[in-house]
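Understanding the architecture of this molecule
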Amino acid sequence: MKLPHYRHTPPSASGRTRHDPVLALAGAGIAGLFTATAAVRRIRPPVTREPATLALTVQGRRVVAHDQDVVQLTLAATDGAALPRWYPGAHLDVHLPSGRIRQYSLCGDPTAAGEYRIAVRRIPDGGGGSVECHDALPVGAVVHTHGPRNAFPLTVPGHGSPTRRVRFIAGGIGITPILPMLRAVRGLGVEWSMIYTGRSRDSLPFVDEVAGLGETVQIRTDDVDGLPSAATLLGDCPAGTAVYACGPAPMLTAVRAALVDRADVELHFERFAAPPVQDGSPFEVSVASTGTTVAVGAQETLLAALLRAGVAAPYSCQQGFCGTCRIRVLDGTVDHRDTLLTDPERAAGMMLTCVSRGRTGLALDL
């Protein structure tokens, strides 16, 4: 999953809650002593209890790319209850049986109250989550989630957006959050167009469904047409267009560069992977449980360095908005680059390893 970006960032539509741990005093009897020594004591923040997860059962599996590398999973509440409502652009944080947490866009129908649908591309050399979805989640398997979150919300022209038309750009598995958006704008009669691109036609998930939408959709593939330019991706993009793009980093970089001076065009996009490190400097971290020292390169995230060194660090989105990689810093000064942690959490020594860095060397509670 994925962190969205906006030319003008709107208020959060995700509905996610932020943890706000309270640092308690030791007790009235030693309040004075506590105050006098707090500066030199290591204060471990109280454990925040995560809300209960929702159990989901895999009710259906369907291969949705001709190369067999993308599988759609249909999930329903294990207890048969109606599921929390969601809107186009939403995703699930899926807690897999292995303990891995991975984010997958909801690609089904938001009005289908009894099911969620996600689609997962197999990445053999990835972090293991996609392989687990393909090989270890048969019909009847159970996963868990906290429910839908929306970090890539659709604002429809004439229904909350001042724009007049929508341009969709999808690259490969990036079609998954776009599909519900397509259904929404078509149902509301909004003017729209779309380009769907990827390595080959066989690699494109839902390609037959998308092709059936008619001439408003252009499908092009690298093996036939070559790599698309930004002009090709954007097409006729007059003033008043809202662009929604999801796909690999080079595609998004090209689109962003082409629109940098277009104040008359809204750009909304969602990444597949972590954004590149900007203005990074090298630093070192030590892992408290093992004493291991890990060097973090100037263009490398702390999380990437930990994983490279074989440190079992938690993570999910890798983009600074899900909070899964939150850890405690025992010593050192953090360069916080997220917008998720609250001031009390930062004061208590917490950081997100996927985007934040060290201004000095750090000692990590891992």
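Above: the structure in question.
A short note on the pairing of strand β17 (residues 293-296)
By the alternation rule, side chains of β17 split into Val-294 and Val-296, which are all buried, and Thr-293 and Ala-295, of which none is buried. Bridging between strand β16 (residues 283-287) and β17 involves four bridges; their strand directions are antiparallel. From the neighbouring strand, Glu-284 faces β17, where its bridge partner is Ala-295. From the end of β16 to the start of β17, which pair antiparallel, there are five residues, and Gly-291 there has a positive phi angle of about 80°.

Here we look at the pattern of salt bridges
Taken as a whole and assessed by the stated rule, the structure comprises 14 salt bridges. The shortest N-O distance in the salt bridge between Arg-328 and Asp-365 comes to 3.9 Å. Taken together, the residues Arg-328 in strand β18 (residues 326-331) and Asp-365 in the segment after β22 (362-364) connect sequence positions 37 residues apart. Note on Arg-328: relative accessible area 11%, which makes it buried. Residue Asp-365 is classed as partly exposed on the basis of its relative accessible area of 25%. A salt bridge links Asp-338 to Arg-346; the shortest N-O distance between them is 3.5 Å.

About the criteria used
The written sequence of each chain sets the order in which its residues are numbered from 1. Local features in this predicted model are restricted to residues of pLDDT 70 or higher, and side-chain atom pairs are both shown and tallied only at a pLDDT of 80 or more, whereas totals for entire chains, interfaces and linings draw on every residue. Side-chain figures throughout are based on the complete set of non-hydrogen atoms in the structure, without hydrogens or water. A 1.4 Å probe rolled over the protein chains alone gives each residue an accessible area, and that area as a share of the maximum for its type sets the label: buried under 20%, exposed over 50%, partly exposed in between. Where helices and strands are cited, they refer to DSSP runs of H or I of at least four residues and of E of at least two residues respectively, numbered from the N terminus. We call two strands paired when DSSP finds no fewer than two bridges between them. Any Lys or Arg side-chain nitrogen located within 4 Å of an Asp or Glu carboxyl oxygen qualifies as a salt bridge.

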